[in-house]
Amino acid sequence: MGLQPYLILAAVLFCIGLFGVLTRRNAIGILLGIELMLNAVNVNLVAIARYAADPAGLVFTLFTISITVAEVAVGLAIVILIFRVRRTVEADHLNLLKG
Amino acid sequence: MMRDVLAAFVLLNVVVLIVTYLTYVERKFAARMQSRIGPYRVGRPHGWLQPIADAIKLLIKEDIVPALADRPVYNLAPIVFLLPSLLIFATIPFAPGLGLADLNIGILFFLAVSSLEIVGLFMGGWGSNNKYALLSAMRAVNQIISYEVPFVVTALIPVLLAGSLKLSTIVQAQEGLWFVAYPVIGQLAFVAFIVATIASENRVPFDILEAESELVAGFRVEYSGMKFALIQLAEYTHMFGVSCLGALLFLGGWLGPGLPGWAWFLLKALFIFLLVTWVRWSFVRIRVDQILGLSWKVLLPATLVLLMATGFWVALGGGHVA
Amino acid sequence: MIDAGTLALAALGLPFGAFVLLAVVAPLRRAGRAAGALSVAAVGGSLLAALILWRTFPEAGADTVELAWSWLPAEGGALATVGVLVDSVAAVMLVLVALVSFLVQLYSLGYLEDETAPALGRYFAYHSLFAFSMIGLVLASNFLQMFIFWELVGLCSYLLIGFWYAKPEAARAAVKAFWVTKAGDLGFILGIVLLWAQAGTFGFSELFKMADDKTLPLGGLSLIMFLIYLGAVGKSAQFPLHVWLPDAMEGPTPVSALIHAATMVAAGVYLVTRAYPLFLQTPDVLVLIGWVGAFSALLAATLGLVQADIKRVLAYSTVSQLGYMMAALGAGAVGAGFFHLLTHGLFKALLFLGAGAVIHAVGTNDIWKMGRLFGAMPQTGIVFLVGTLALAGIWPFAGFFSKDAILAGVWEGGLTVPFLMLALTVFLTAFYMFRVVFVVFFATGHAEGHPHDPPLVMGGPLWTLAGLTAGVGILFAVGGGGEEAHGPSWISPLSLGLALAGIAFAWLTYQRRAVSAEMLARRVRPLYVAALRKFWLDDLYGGIYRGVILGLSWVVGWVDRYLVDGLVNLASAWTMRGGDRLRRIQTGRAQDYLYGVAFGLLLVIVWSYWH
Amino acid sequence: MSLEAAAFWGLALVLLASGLAVVLSKNLFHSVLYLALALVATAGLFLLLQAEFLAAVQILLYAGGVITIVVFAIVVTERLVGERLVQTNRGIVNGGLVSLAVLIAIIIFVTRATLPQTPPPPPADLTQAIGRDLLTRFVLPFELLAVLFLAALLGALFFARKEE
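Source: prediction; values computed, not measured.

Within the largest apolar cluster, 194 residues are counted, with the highest numbers of intra-cluster contacts made by Phe 143, Leu 278 and Phe 279 of chain C. Ignoring sequence-local partners within four residues, the contact set of Phe 279 of chain C consists of Met 225, Ile 228, Tyr 229, Val 272, Val 285, Leu 286 and Ile 289 of chain C. Ranked by size, the runner-up nonpolar core spans 184 residues in total, among them Ile 65 of chain A, Ile 92 and Ala 247 of chain B together with Ala 105 of chain D.

Have a look at this one:
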């Protein structure tokens with residue numbers, strides 16, 4: 001089996017995640033979409049590492065996984081904080097940055 | 001291929017049988033500690049048919065689903081809860097060559113799969129749509145996040161000493177000296193491991209998630225019949241699995257004179273199981289904040305320091321680096 | 001026999017262990033005296049290791065022992081190594097450092113008995129850190145590691161000068177010491193990095209080998225060595241960066257004895273000694289070192305004449321003696337300079353500890369508030385006298401031989417003018433030191449209270465150092481004056497004569513009052529005033545700061561306020577109008593921005609089709 | 001069809017289906033569960049690619065860590081047993097179009113590239129290789145990761161502290 005199916009699978013997964021991030025109303029839902037996108041990236045990295053016989057890709061997957069965990073922890077801390085203050089996690093209502 | 005499937009099937013049944021009788025062992029043990037007799041009537045004189053009777057009783061009970069439950073989640077929860085508990089046995093070597101798959105990342109596989117259990121637990125708590133169940137699941141998340149980290153860290157100490165993630169290699173490295181007898185490091189790590197084990201099994205004194213007097217029966221309060229049986233089975237299977245891990249990591253697995261390897265192994269696992277049970281029936285429950293504080297303020301720093309010390313020790317030439 | 005590397009590591013590790021224990025185990029630290037005992041025990045162990053190392057060194061077949069571990073792994077080999085490098089210089093220096101540290105810590109137990117327990121614990125934690133850092137500096141096997149320890153001792157110096165941080169002068173002095181030495185350190189690290197860029201290594205052994213084989217690229221080496229020397233200028237308080245050392249006397253006296261007399265300030269000299277094979281490649285820098293050293297010696301000696309604070313006199317004499325060492329190094333007499341470093345370490349620590357005993361007994365630093373103390377504190381008087389004689393360079397004390405060797409070395413090195421400065425300094429040194437001795441111990445006047453000799457825990461170190469100061473000298477006197485002094489035969493009588501003249505002059509002025517000090521001051525009024533004002537150097541630095549920097553800031557401020565702001569205001573007016581139109585794009589919803597990201601991604605992909 | 005290909009297509013099907021469910025499900029809790037499924041399926045893909053170590057890490061950190069934290073956040077933000085938060089999607093057409101455009105662009109890109117058809121033989125001990133690379137070639141990123149974690153830790157502490 002070639003590398004191509006893996007890359008295409010990752011691309012589809014990435015776009016599903018992108019779709020989720022673009023359309024979800026709930027901040028947590030958006031985070032879930034981001035997780036999917038990152039996951040797609042990991043699939044790419046591991047697949048390419050396998051086919052290029054270079055562990056660099058695996059090392060970087062390790063990095064992305066651990067960074068994602070940290071990101072989720074902080075991201076959700078922010079979500080909870082927003083909820084505490086504004087009693088909502090609807091992304092539509094979170095427009096304090098509005099110009 | 002067919003051989004593997006067959007082996008898996010046999011293993012599954014053996015494990016389930018052992019676990020079924022573990023409940024019996026625990027009940028008898030607890031009864032002795034409290035000067036009672038324990039199960040007695042079914043299968044006189046020692047009540048040795050009691051687990052079978054229990055299983056049959058639960059199987060023929062009516063399956064109740066709460067009206068407001070999140071049905072698919074509620075129904076799937078026991079299975080999701082049970083699966084990881086059974087999967088962890090895939091990598092456990094019972095004796096040299098006796099085991100399904102002796103992965104070269106065995107211990108990591110064990111830790112990873114057993115961490116999935118929380119998903120099933122939470123599905124049950126959430127799906128029941130019951131405030132006790134949900135509170136219990138919340139507490140479980142708190143506690144398991146807190147104790148997962150020290151648990152992994154203590155499990156890494158034997159890994160460092162043996163220089164391998166492969167469970168059979170870790171056991172082989174203990175030829176001559178079990179890691180529990182390793183000077184200083186071994187004992188401290190073992191104590192930390194037992195504490196983290198008790199917490200990860202949600203046993204007294206860390207059983208806040210099913211604290212009967214507060215939460216009725218915790219996340220499984222709405223379950224009955226077969227599903228309840230599955231949850232119980234999963235819990236005891238997990239306990240047995242962790243006991244096996246402890247036997248592998250610290251007590252030298254199948255190593256021992258005279259008896260065949262698998263017998264030694266099971267005895268050691270039983271020993272850890274009884275140790276935990278002994279703690280369970282001896283202590284009182286402590287508060288949620290105390291449990292979390294113990295994990296983050298005492299256990300985690302202590303195990304991290306221990307891990308660092310082990311690292312230095314190994315770097316200086318101790319250990320069995322391959 | 002334990003091998004040298006292990007011993008060196010033990011000497012290094014013990015104080016570090018003590019420091020970590022004291023830093024981590026708070027109850028132990030707060031216990032005060034227990035912390036002190038631990039720290040003293042650790043550094044005592046270091047001393048033992050150092051002594052064994054010194055006695056058994058050099059081992060058969062190797063005159064340097066190097067242990068190295070690679071550090072900072074990178075593609076294409078490790079970037080640097082850490083390790084210990086022991087040779088005869090390091091071994092001797094190690095003994096000095098461990099010895100003085102040990103004695104001073106012991107002494108501190110008595111000197112600081114009035115401190116609260118937590119403060120005492122903190123003091124000893126710093127001391128342990130200092131001992132570790134200084135030993136690490138001595139044993140460093142490469143420039144990078146040396147720099148790290150160099151900064152660590154600087155940090156300890158800062159912490160210990162500011163030990164009484166509630167006292168504003170102490171806090172200010174700590175900061176001043178920190179910044180002034182940092183100015184030198186900046187040069188040091190620049191030099192190291194440039195050297196690395198040139199030679200590709202930090203390691204001493206490799207660099208010396210390259211210097212030996214003439215493979216060291218010489219282009220720009222003068223600049224590099226000058227920059228490295230700047231570090232030594234800051235640490236060893238050479239002109240013009242000497243201003244921090246007198247102020248550093250705000251710290252506890254044992255600290256002054258240890259850090260600002262015997263060990264840390266000598267680190268600069270040690271650095272030059274250590275890197276001497278490299279300095280040899282750049283004779284112009286060496287000449288500069290010689291001149292600056294001699295000038296520092298003379299300048300500090302004149303400043304020492306007018307101080308009323310006993311510790312400040314000693315501080316200036318430290319600067320002066322460091323100048324001697326540097327001058328010797330500059331003239332090529334490495335052995336003499338290093339020898340003086342050792343003897344000076346002993347007798348200056350002795351002097352400071354003696355001064356500390358006096359201060360402890362009298363409760364003031366001002367020499368005019370003391371007097372006739374010899375009767376009350378005979379032991380202190382005797383040891384102080386021993387130290388003073390050594391510092392003045394009187395036969396047969398240790399200072400005589402080392403100073404003699406330096407004078408001979410500088411003369412032989414052909415630096416005539418620096419030689420004259422140093423010779424004059426000999427006279428001045430004897431004069432101002434005996435000024436202190438006569439005023440404090442013999443002349444009229446009386447101290448308040450009932451001063452008495454210090455307790456054994458303080459007296460022990462004093463007598464030990466006094467014995468060593470005298471003993472080393474006698475050893476040399478018997479042994480024939482050392483090998484270094486091979487200058488003309490008239491140098492020894494000259495320096496001895498100058499020193500004796502200085503003592504006699506001081507005796508006339510301050511004991512017999514045959515010469516009036518006031519009249520002397522009037523005669524050389526400009527010089528007297530200048531010395532009182534520290535030759536306006538501190539004022540100059542302050543003035544530079546106030547005049548140049550603040551003036552520049554004012555100009556910059558004006559430019560900023562009117563020219564730049566004018567442009568900015570103009571730009572902002574346009575931006576505001578533009579922004580008002582653009583703000584509609586900014587909805588504040590993260591997802592709308594993500595559309596932008598997605599479009600960007602699309603653009604990148606489409607663009608890549610053509611490439 | 002070889003066993004490997006069968007496993008790949010099976011996993012791909014699960015992965016994509018659960019991925020779609022993540023972004024389309026109206027029940028946030030179900031979304032998270034589907035995400036867990038997707039993550040486990042990804043771990044399966046890693047196994048297929050002979051990266052067992054990463055598969056284990058993926059499950060341990062993602063499934064054990066991320067999922068737990070997300071669930072936690074859901075419970076906290078839905079006020080324990082409050083009303084079930086029905087979450088909907090907004091601007092489905094726009095989002096769909098943009099995602100589809102990106103997908104098509106990537107697929108064209110991928111199909112135009114020449115990619116290896118067969119994997120090279122797997123290395124002897126990948127775990128060891130990862131470990132060695134982590135502490136030699138990539139030691140700087142590794143150290144930076146530690147700094148990042150420290151920052152994340154401080155950030156989480158900052159957010160979690162009690163309101164004054």
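Now for helix 1 (residues 4–23) of chain A. For helix 1 of chain A, built from 20 residues, the straight-helix expectation of 28 Å at 1.5 Å per residue is met to within 8% by its first-to-last C-alpha distance of 29 Å. Summarising burial for helix 1 of chain A: 16 of the 20 residues are buried, a large majority.

As a further point, take the interface of chain D and chain A. Accessible area lost upon the coming together of the parts is a frequently used measure of interface size. Contacts between the two partners involve 81 residues from chain D, matched on the other side by 66 residues from chain A. For the chain D and chain A pair, buried surface summed over both sides reaches about 6900 Å², with 77% attributable to carbon and sulfur atoms. Considering only the surface of chain D that becomes buried against chain A, Leu 49, Arg 90 and Phe 159 of chain D emerge as the three largest contributors, covering 11% of it. Applying the counting criterion to the chain D and chain A interface returns one salt bridge. At the junction of chain D and chain A, the tally comes to 10 residue pairs in polar contact (both at pLDDT 80 or more). Broken down by element, the residue count for the side of chain D that touches chain A peaks at 13 residues, all from helix 3 (residues 52–77) of chain D. Counted by class, the side of chain D that touches chain A contains 57 nonpolar, 17 polar and seven charged residues.

With that settled, the discussion passes to the pattern of salt bridges. According to the stated counting rule, one finds 13 salt bridges over all chains in the structure shown. A salt bridge links Asp 63 of chain B to Lys 227 of chain B; its shortest N-O distance comes to 3.1 Å. Remark: Lys 227 of chain B occurs in helix 10 (residues 225–250) and Asp 63 of chain B occurs in the loop between helix 2 (50–59) and helix 3 (71–87); sequence separation between them is 164 residues. The partner of Lys 209 of chain C in a salt bridge is Asp 213 of chain C, and the shortest N-O contact between them spans 3.6 Å. In this structure, a network of salt bridges that share partners links the residues Asp 54 of chain A together with Asp 133 and Arg 137 of chain D.

A word on empty space enclosed by the protein. Residues and elements named next belong to chain B. Within the structure shown, the criterion is met by six cavities of 30 Å³ or more. Estimated volume of the largest cavity: approximately 130 Å³. Surrounding the largest cavity, 13 residues form its lining, Ser 114, Ile 144, Glu 148, Ser 200 and His 238 being those nearest its centre. Broken down by secondary-structure element, the contributors of at least two residues to the lining of the largest cavity are helix 4 (106–115), helix 5 (117–127), helix 6 (131–162) and helix 10. In terms of residue class, the lining of the largest cavity is built from seven nonpolar, four polar and two charged.

Before going further, it helps to spend a moment on the pairing of strand 2 (residues 80–86) of chain C. Residues and elements named next belong to chain C. By the criterion of burial, strand 2 is predominantly enclosed, with five of the seven residues buried. Where strand 1 (residues 65–71) and strand 2 come together, seven bridges link them in antiparallel fashion. The residue bridging Val 65 from the neighbouring strand is Val 86, located in strand 2.

This part covers the layout of surface pockets. The volume enclosed by the second largest pocket comes to roughly 1400 Å³. Leu 83, Leu 87 and Leu 116 of chain B together with Val 40 and Ile 59 of chain D are, among the 40 residues lining the second largest pocket, the residues nearest its centre. Of all elements in the fold, only helix 1 (2–33), helix 3, helix 4 and helix 5 of chain B together with helix 2 (28–48) and helix 3 of chain D reach the threshold of two or more residues within the lining of the second largest pocket. Residues that form the lining of the second largest pocket fall into these classes: 36 nonpolar, two polar and two charged.

Conventions used here
- Residues numbered from 1 in each chain as written.
- Chains lettered and ligands numbered in written order.
- Predicted model: local features only at pLDDT ≥ 70, side-chain atom pairs only at ≥ 80, totals over all residues.
- Heavy atoms only, no water.
- Core = buried A, V, L, I, M, F, W, Y, C linked by side-chain atoms within 4.5 Å.
- Buried < 20%, exposed > 50% of the residue type's maximum accessible area, 1.4 Å probe, protein only.
- Contact = heavy atoms within 4.5 Å.
- Helix = DSSP H or I, 4+ residues; strand = E, 2+ residues; numbered from the N terminus.
- Expected span 1.5 Å × (residues − 1).
- Buried area = accessible area lost by both parts, 1.4 Å probe.
- Salt bridge = Lys/Arg side-chain N within 4 Å of Asp/Glu carboxyl O.
- Polar contact = N/O pair within 3.5 Å; in protein donor to acceptor, adjacent residues only side chain to side chain.
- Nonpolar A, V, L, I, M, F, W, Y, C, P; charged D, E, K, R; others polar.
- 1 Å grid on protein atoms, 1.4 Å probe; cavity = no way out; pocket = protein on both sides within 12 Å on 5 of 7 lines; lining within 4 Å.
- Points joined across faces, edges and corners; volume = space filled by probe spheres on them.
- Pairing = 2+ DSSP bridges.

Nothing here speaks to function; it is geometry throughout.
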